[in-house]
Amino acid sequence: MRVGERFVPELRDEDQRVPSSCAINQHGIVLLVQLRYNFRVYPTPGQQVELARAFGCARVVFNDGLRLRQEAREQGLPYVSDAELSKRIITQAKGTPQRAWLGEVSSVVLQQALADLNTAYRNFFASITGKRKGRTVAPPRFRSRKDNRQAIRFTKNSRFKVLDNGRLRLPKIGDLAVRWSRTLPSDPSSVAIIRDAAGRYFASFVVQTGEDETLPPVESEVGIDLGLTHFAVMSNGTKIAAPKFLRRAARKLKRLQQSLSRKRRGSNNRKKAVLKVARAHARVADTRRDWQHKLSTSIVRENQAIFVEDLCVVGLGRTRLAKSVHDAGWASFTGMVEYKAARYGRAFGRVDRFFPSTRMCSQCGRINEKMALNVRAWDCRCGATHNRDVNAAINVRAAGQADLNARGAHVRPGLIPAARNEAGTHPDAACSTRSVEGIFVL
Ligand SMILES: [Zn+2]
């Protein structure tokens, strides 16, 4: 990939397909996968106004719903049901002078905003009752007009339509110009319109596919460790560093952010700097995603089973603080590996037991003394010499294989989680971190 100063990576084919869910039969075969296809869209100035209105209305409905539930809770009233919420926040509110303008946008957009709120609540409840594993999910938070990313969703019953001339017709917004970089395999069941911090618009279609994409089996199985000096280290000894162009882009972003922090609040120069940062940020995010897609695809192709450290556990046992700088990038990367493994019929496992993968000898199993972060290689009393990260990766692979055997499963894909930090409007992020947007994340 050539990267120039003004290089803005486009979403590649592979990037456009992110699963949001799938079904699996009793033989462990993926029957149906929901994939996301993302395309850049170019609304006219008039359509941008309409979209801004829809983003605003969706945000108001979400916040109204959240406030209503919070107030009910404070007053000791029962939890407001989804149906009741929809009735009061949308149907009845439209009849009041304060919220009459909600009628100006598609009601599906409003219902979907409430659906997001309901999902956020369900995830939160599942998390606090222990039904949901992983890092605790925070209760829903109010959305702000200052949020970097605005999104609305249209489902099929909103009658959105891809027209013969290639435009995307959205109710009460109009026909949007789309850059189709590939064709949709079948009718989409929903589409989200997203505006990112850099002011770009995207359409994210959810499409169901039933095709069998299982790859021919291969022998190798791999463990991947979140490296200290590398992005990832594999049990076969391969060390993966974030590529130079990505580090360069991240450095440039950091410089721009520093420059931004020196600008006076409310000044025009600050506004300009904010936009510059947002653009650089989008560039880093796109470049990183592109790189992670290529990396995850090749790892899934080359290995029959892939095991990774569970980030939630890494977070708990933070003797490995230095790794935190990679965490968010790691979450999106392992998420990609996970859904691609399911899609292509490979086994995937997160090693979720906390064990001292770094100082345990992968040859004799002896647990050695703690070592400083700068110790790159060490000798075990059994005579083995270890590279610190490769040894850890080998331990991850062994633990993953043991887990897989214990489950009694031959290669069997697990349920795919909703895609993280991609174009979804589902606030579903079990272990993903908010700092996904952070600049150090490579
Ligand atoms: Zn040993």
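Residues numbered from 1 in each chain as written. Predicted model: local features only at pLDDT ≥ 70, side-chain atom pairs only at ≥ 80, totals over all residues. Heavy atoms only, no water.

(A) Structural detail: the coordination of the zinc ion. Here the zinc ion is held by Cys-361 (SG), Cys-364 (SG), Cys-380 (SG) and Cys-382 (SG), and the distances to it run 2.2 to 2.3 Å. Because the angles between the 4 donor atoms bound to the zinc ion fall within 106 to 113°, the donor set is best described as tetrahedral. Counting gaps between the donor residues of the zinc ion yields the pattern C-x2-C-x15-C-x1-C. Residue Cys-361 is found in the loop between β13 (347-351) and β14 (377-379), and its partner Cys-380 is found in the loop between β14 and β15 (385-387); the two are separated by 19 residues along the sequence. You'll find Cys-361 and Cys-380 in the same group, each marked buried. (Donors = N, O, S within 2.8 Å, 3.2 Å for Na, K, Ca; no water. Tetrahedral: all angles 85-135°; square planar, octahedral: opposite > 155°, others 65-115°. Helix = DSSP H or I, 4+ residues; strand = E, 2+ residues; numbered from the N terminus. Buried < 20%, exposed > 50% of the residue type's maximum accessible area, 1.4 Å probe, protein only.)

(B) Looking closely at a positive patch on the surface. A contiguous patch of positive charge on the surface is contributed by Lys-244, Arg-247, Arg-248, Arg-251 and Arg-255. The topology assignment puts Arg-248 in helix α4 (residues 244-261). (Patch = residues over 30% accessible without salt bridge, like charges linked within 9 Å, V, L, I, M, F, W, Y side chains within 5 Å. Areas by Shrake-Rupley, 256 points an atom, 1.4 Å probe, with all protein chains shown as cover. Salt bridge = Lys/Arg side-chain N within 4 Å of Asp/Glu carboxyl O. Lys, Arg positive; Asp, Glu negative; His and termini not counted. Charge placed at Lys NZ, Arg CZ, Asp CG, Glu CD.)

(C) Highlighting a nonpolar patch on the surface. Judged by side-chain polarity, Tyr-79, Phe-125 and Ile-128 come together as a nonpolar surface patch covering roughly 290 Å² of accessible area. Position of Ile-128 among the secondary structure elements: in helix α3 (residues 107-128).

(D) Structural view of the sheet that holds strand β10 (residues 232-234). What the 5 strands build is an open sheet, ordered β11-β10-β9-β12-β13; its pairing is mixed. Every other strand in the sheet has two partners, leaving β11 (239-240) and β13 as the edge strands with one partner each. Pairing of strand β12 (residues 305-309) with β13 involves 5 bridges; the strand directions are parallel. Its bridge partner lying in β13, Glu-309 is registered against Val-351. Taken strand by strand, helix α8 (residues 388-406) contacts β9 (221-225), β10, β11, β12 and β13, and its axis lies near 125° from that of β9. (Pairing = 2+ DSSP bridges. Contact = heavy atoms within 4.5 Å. Axes fitted to C-alpha atoms, helices over the stretch in contact; angles between N-to-C directions.)

(E) Fine view of the nonpolar core. Among the nonpolar cores identified, the biggest contains 42 residues, and Ile-152, Phe-154, Leu-168, Leu-170, Val-191, Ile-193 and Phe-205 are the most heavily contacted of them. When residues of this core are assigned to their parent elements, the largest contribution, 10 residues, is made by helix α1 (residues 45-74). Residues in contact with Phe-205, not counting those within four places in the same chain, are Leu-35, Arg-36, Tyr-37, Phe-39, Phe-160, Val-162, Leu-168, Trp-180, Leu-184, Pro-188, Ser-190 and Val-191. Formed by 30 residues, the second largest nonpolar core is a distinct cluster that contains Met-234, Ala-242, Ala-280 and Ile-299. (Core = buried A, V, L, I, M, F, W, Y, C linked by side-chain atoms within 4.5 Å.)

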